[in-house]
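Listed below are the residues making up each chain.
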Amino acid sequence: MDSQEQYEALLAKWGYADTSVEDHARRQRRARRIKAVVTFFKNSLKTIKKVSSRPQQLGQASN
């Protein structure tokens with residue numbers, strides 16, 4: 001019996017479940033979601049800056 005099996009047997013004996021794999025997957029999903037939100041806001045900010053830096057010509061057209 002290797003150390004991992006001993007660890008799992010001890011956890012089972014004490015009534016605990018090893019959730020490290022699920023915890024890791026949960027952290028990975030959370031990191032991907034956060035990265036997607038950050039990317040969305042960065043792209044939105046770039047677009048807003050690009051649009052606001054264009055010269056405004058609406059008032060000049062009426063002259």
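In the block above lies the structure referred to throughout.
Residues numbered from 1 in each chain as written. Predicted model: local features only at pLDDT ≥ 70, side-chain atom pairs only at ≥ 80, totals over all residues. Heavy atoms only, no water.

**Section: the overall build of the protein**
Moving on, step 1. Along the backbone of the protein there are 2 helices and 0 strands.
Moving on, step 2. Relative to its full complement of 63 residues, the protein shows a buried share of 2%.
Moving on, step 3. Counting every atom, the protein has about 6,200 Å² of accessible surface; 58% of that belongs to carbon and sulfur. (Helix = DSSP H or I, 4+ residues; strand = E, 2+ residues; numbered from the N terminus. Buried < 20%, exposed > 50% of the residue type's maximum accessible area, 1.4 Å probe, protein only. Areas by Shrake-Rupley, 256 points an atom, 1.4 Å probe, with all protein chains shown as cover.)

**Regarding helix 1 (residues 3-14)**
Moving on, step 1. Under the 1.5 Å per step criterion, the end-to-end length of helix 1 is 16 Å for 12 residues, consistent within 8% with the ideal 16 Å.
Moving on, step 2. Where helix 1 ends, the next residue or the one after it, G15, has phi of about 90°, a positive value. (Expected span 1.5 Å × (residues − 1).)

**A word on the packing of aromatic side chains**
Moving on, step 1. Using the criterion set out here, one finds 1 aromatic pair in the structure.
Moving on, step 2. Geometrically, the ring pair formed by F40 and F41 is edge-to-face, given 5.4 Å between the ring centres and 70° between the ring planes.
Moving on, step 3. Residue F40 is classed as exposed on the basis of its relative accessible area, which comes to 52%. (Phe/Tyr/Trp six-rings, centres within 6.5 Å; stacked < 30°, edge-to-face > 60°.)

**Side note on the environment of D18**
Moving on, step 1. Within the secondary structure, D18 is located in the loop between helix 1 and helix 2 (20-52).
Moving on, step 2. Classification of D18 as partly exposed rests on a relative accessible area of 29%.
Moving on, step 3. C-alpha separation for the pair D18 and E8, spaced 10 residues apart in sequence, amounts to 6.9 Å.
Moving on, step 4. In this structure, D18 is in contact with Q4, Y7, E8 and L11, ignoring residues within four places of it in sequence. (Contact = heavy atoms within 4.5 Å.)

**Some details on a nonpolar patch on the surface**
Moving on, step 1. Taken together, the side chains of L10, W14 and Y16 present a nonpolar region at the surface, about 380 Å² in accessible area.
Moving on, step 2. By the element assignment, Y16 lies in the loop between helix 1 and helix 2. (Patch = residues over 30% accessible without salt bridge, like charges linked within 9 Å, V, L, I, M, F, W, Y side chains within 5 Å. Salt bridge = Lys/Arg side-chain N within 4 Å of Asp/Glu carboxyl O.)

**Thoughts on the pattern of salt bridges**
Moving on, step 1. In this structure the tally under the stated criterion is 1 salt bridge.
Moving on, step 2. Between R26 and D23 there is a salt bridge; the shortest N-O distance is 2.8 Å. Of this pair, R26 and D23 both sit in helix 2, separated by 3 residues, roughly a single helical turn.

**Focus: a positive patch on the surface**
Moving on, step 1. Among the surface-exposed residues, R27, R29, R30, R32 and R33 lie close enough to one another that they form a single positively charged patch.
Moving on, step 2. Residue position: R33 is located in helix 2. (Lys, Arg positive; Asp, Glu negative; His and termini not counted. Charge placed at Lys NZ, Arg CZ, Asp CG, Glu CD.)

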